[in-house]
Amino acid sequence: VQLQASGGGLVQAGDSLRLSCAASGRTFSSYGMGWFRQAPGKERESVAAISYSGGRTYYADSVKGRFTISRDNVKNTVYLQMNSLKPDDTAVYYCAATRSPLTYGPVADYDYAYWGQGTLVTVSS
């Protein structure tokens, strides 16, 4: 699976942004998908994840109620809708694919076998 993330940019606090991650391959619909981020000087953290069917979603506490992960298995794309952005959301955002269907819960980042190249989101105050 090859992943291509896009949609990052410079926005102001309170604005919205939607990230997209396009996947290659015919087996996209069998993979759990996740979004991660890494801010300068900080460790990578999980932001959101979605099961293979889209029926289960998981969020970090820091983004609950503001971010929404979704997927379109026809278009082989996963999205991250980010609303009410804060300066603390500034980071490089990565999408990733795991062979786990994520039906019963999220998995650690080391269980994600495929990673996109990252897209930078900068939120100014």
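Note: the structure precedes this text.
A brief structural summary. (Residues numbered from 1 in each chain as written. Predicted model: local features only at pLDDT ≥ 70, side-chain atom pairs only at ≥ 80, totals over all residues. Heavy atoms only, no water.)

What follows is about the sheet that holds strand β8 (residues 77–82). The strand order across the open sheet built from 4 strands is β1-β3-β8-β7, with neighbouring strands paired in antiparallel fashion. A single partner strand is all that each edge strand has here, and the edge strands are β1 (3–6) and β7 (67–72). Averaged over all adjacent pairs, the angle separating strand axes in this sheet is 15°, with direction ignored. With 4 bridges connecting them, β1 and strand β3 (residues 17–23) associate as antiparallel partners. Looking across to β3, one finds that Ala5 is bridged to Cys21. (Pairing = 2+ DSSP bridges. Helix = DSSP H or I, 4+ residues; strand = E, 2+ residues; numbered from the N terminus. Axes fitted to C-alpha atoms, helices over the stretch in contact; angles between N-to-C directions.)

Okay, the nonpolar core next. Among the nonpolar cores identified, the biggest contains 29 residues, and Met33, Trp35, Val47, Phe67, Leu80, Met82 and Tyr93 are the most heavily contacted of them. Going through the elements one at a time, β1, β3, β4 (32–38), β5 (45–50), β7, β8, β9 (91–98) and β11 (119–124) are the ones with two or more residues in this core. Counting residues in hydrophobic clusters, the runner-up holds 6 residues, among them Phe36, Ala96, Leu102 and Tyr112. (Core = buried A, V, L, I, M, F, W, Y, C linked by side-chain atoms within 4.5 Å. Buried < 20%, exposed > 50% of the residue type's maximum accessible area, 1.4 Å probe, protein only.)

The full count for this structure, using the stated rule, is 1 disulfide. There is a disulfide in this structure between Cys21 and Cys95, and the S-S distance comes to 2.1 Å. Between Cys21 and Cys95, the S-S dihedral sits near 60°, and the bridge is therefore right-handed. Note that Cys21 is positioned in strand β3 and Cys95 in strand β9, a separation of 74 residues in sequence. Like Cys21, the residue Cys95 is buried in the burial classification. (Disulfide = S-S within 2.5 Å.)

Structurally, Arg99 can be placed in the loop between β9 and β10 (112–115). Separated by 69 residues in sequence, Arg99 and Ser30 have C-alpha atoms that sit 7.2 Å apart. In this view, Arg99 contacts Ser30, Tyr31, Ala113 and Tyr114; residues no more than four positions away in its chain are not counted. In terms of polar contacts, Arg99 uses its side chain to reach the side chain of Tyr114, at 2.7 Å. (Contact = heavy atoms within 4.5 Å. Polar contact = N/O pair within 3.5 Å; in protein donor to acceptor, adjacent residues only side chain to side chain.)

Now for the environment of Ala97. When you line up the elements, Ala97 lands in strand β9. Of the residues examined, Ala97 reaches a relative accessible area of 0% and is grouped as buried. In sequence terms Ala97 and Met33 are 64 residues apart; their C-alpha atoms lie 4.6 Å from each other. Among residues more than four places away in sequence, those in contact with Ala97 are Leu3, Tyr31, Gly32, Met33, Tyr112, Ala113 and Tyr114.

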